[in-house]
Structure formats: C-alpha cells, structure tokens
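Structural features, examined
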Amino acid sequence: MLKSQKVTKLLSVRGSISFDTSGQALTTNGRSNTYVRIKAFILRYRRVNAIFTNSSTIPETMNANPSSVLIALSGGGDSALAAALLKEQGWQVKGLHFLLPAPAIKRTERQNSVRRIEERLKIPVSYVHVEEVFTQKVIEPFVDAYLEGFTPNPCVVCNQVIKFDHLLRRADEEGIAFVATGHYAVIRRPENSPAELWRGADQSKEQSYFLHRLEQRHLLRMVLPLGEMTKEETRRL
C-alpha cells in the first residue's frame, strides 16, 4: 500500500488526525495552543514555593542546590510554567524547542508562543529540527501499526527515541547538568539505588506512562517540576 493510500485510509477511520499532502505533517484538530500567564505566576510564586516547602515527597532534584537545566519548551502552558518554577528556584534555565512536522501556520504559532515565553522569562531558547527523524521514527510506524489494528502512543515513542536523547545530547554539548519537561510525573533517587519513575500527584492528569520507556541515563538527569502539583493548581497560576 502506498503512503498516500495509507494516509487516506487512516483519515477515513479517524478524522481527528490529519496529514499534509505528502504525508509528512501530523496535527490534531480541535486543540488550540495554550499560553501561560507568566506575569500572574511571578505575582504568586511565593504560594507555589510554599507548596514545595511543605511537601514531604518533593523530587530530590528540586531539593538539591539549583544547577543548570535544559527544558523542552513546546510553547504550551505546562512547559512554560515548569521553566518559570525552575527559574524562581534559582536554576540556570535554558529552553529547547523541537521543530516538528506540521503545517506552516501551526509551526509559526508554536514558535511565536515559545518566543513570548523566552521574552517573559528572559531565558535563552534554541531550536532543533527533527522533522525528518520524527517522520521516520514516529509518524510512519504509527500509521503502519494503526492500519494493522494496533493503537500505538506516538508520545511514548517520541520520548524514548527522540526527545530525551536530543535533550541530553544538547545538554552535554553545552555543559548543562540536567534536563526538564512539563510532564506530571515524579522522579525519585533513593540513595545507592537506581532512579525511580513514580506517578504524578494528580491522578487525573499524571503522565508517567509517557515516560515509562526511558532509561537510567535519562531518569538520573531529569527534573519534573510539575510532578507534585495538580492540573488545577497550575491553571490557577
């Protein structure tokens, strides 16, 4: 079956997923970009710090002396808030935005949102092109598996084979100690034991499943600032 035929068949089965005419771009209709209200966060950050201070299950890295961290910025509210939290905790924060296959207007919207976050938080942000590798390792296998009757999760695959490898590689190139995302999950590092991935505090939002294929080399350097927060708390910021 040709790629164009696969895409047409997939679209007829699940209209919420759309590709461009070459089969390269994947978008989800009905989801609008979010934009975090950083100014409101700055005015309320003391309350957030109190949440961390009073928690008995704070991720170990958030208790450690602040260091340098490279955070994946999608342009959405969760990753922006995670970056703001890290900066307020005293971390040296730098952002990395992944340029994914998407229609031109969607790519522009995402990049504009990232630039607004960069300006508000006053942090440097870099951009990395992953269109080709994302198509080869995420989109094409997803389409093939879906047409065989399976329901793969492309985010799990992306985190495993693209996002965190790119984050660690860029962090190593720039001498940055940790990497971070806006996932609702918790990393714990027991003494003399491997790092552990735990569910986030908000059971209705927690996202540990999306990270379950990561290895120790990823987990040992990960910071997840939103893991002990609920989605309702982040919406209020």
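The shown structure was predicted, so the numbers you read here are calculated from the model rather than taken from an experiment.

The rules behind the values
- Residues numbered from 1 in each chain as written.
- Predicted model: local features only at pLDDT ≥ 70, side-chain atom pairs only at ≥ 80, totals over all residues.
- Heavy atoms only, no water.
- Pairing = 2+ DSSP bridges.
- Helix = DSSP H or I, 4+ residues; strand = E, 2+ residues; numbered from the N terminus.
- Contact = heavy atoms within 4.5 Å.
- Axes fitted to C-alpha atoms, helices over the stretch in contact; angles between N-to-C directions.
- Expected span 1.5 Å × (residues − 1).
- Buried < 20%, exposed > 50% of the residue type's maximum accessible area, 1.4 Å probe, protein only.
- Polar contact = N/O pair within 3.5 Å; in protein donor to acceptor, adjacent residues only side chain to side chain.
- Right-handed = clockwise from strand over helix to strand, strands pointing away.
- Salt bridge = Lys/Arg side-chain N within 4 Å of Asp/Glu carboxyl O.

Right, let's get into the sheet that holds strand E3 (residues 68–72). Sheet architecture is open: five strands sit in the order E5-E4-E3-E6-E9, paired in parallel fashion. Edge positions in the sheet fall to strand E5 (125–129) and strand E9 (222–223), since each of these pairs with one other strand and no more. Examined bridge by bridge, strand E4 (residues 92–99) and E5 share five bridges and lie parallel to one another. Residue pairing across strands places Leu96 opposite Ser126, the latter belonging to E5. Contacting E3, E4, strand E6 (178–180) and E9, helix H4 (residues 77–88) crosses the sheet at an angle of about 170° to E3.

The end-to-end C-alpha distance of helix H7 (residues 154–173), which contains 20 residues, comes to 27 Å, matching closely the 28 Å that a straight helix rising 1.5 Å per residue would cover. When we look at burial in H7, the residues that qualify are Val156, Cys158, Asn159, Ile162, Phe164, Asp165, His166, Leu167, Leu168, Arg170 and Ala171. With a side-chain oxygen positioned 3.0 Å from the backbone nitrogen of Cys155, the residue opening H7 is Asn153. Within two residues after H7, Gly175 carries a phi angle of roughly 70°, on the positive side.

A few words now on the pairing of E4. The two faces of the sheet receive side chains in turn, since in a regular strand these alternate between them. Across the eight residues that make up E4, a large majority, seven, are buried. Where E3 meets E4, five bridges bridge the pair, whose relative direction is parallel. The partner of Leu70 across the bridge, within E4, is Lys94. Handedness of the crossover is the feature at issue here: the chain leaves E3, passes through H4, returns alongside E4, and the resulting connection is right-handed. One crossover worth recording links E4 to the parallel E5 by way of helix H5 (residues 104–121), and it is right-handed.

This next bit is on the pattern of salt bridges. Should the charged atoms of two oppositely charged side chains come close, the side chains can pair. A complete count under the given rule lists eleven salt bridges for this structure. Among the ionic pairs, Asp165 bridges to Arg217, the shortest N-O distance being 2.9 Å. Taken as a pair, Asp165 in helix H7 and Arg217 in helix H8 (residues 216–219) lie far apart in primary sequence, 52 residues in all. Here Arg217 falls in the partly exposed class, since its relative accessible area comes to 42%. Taken together, the shared-partner salt bridges in this structure form one network comprising Lys94, Arg170, Glu173 and Glu174.

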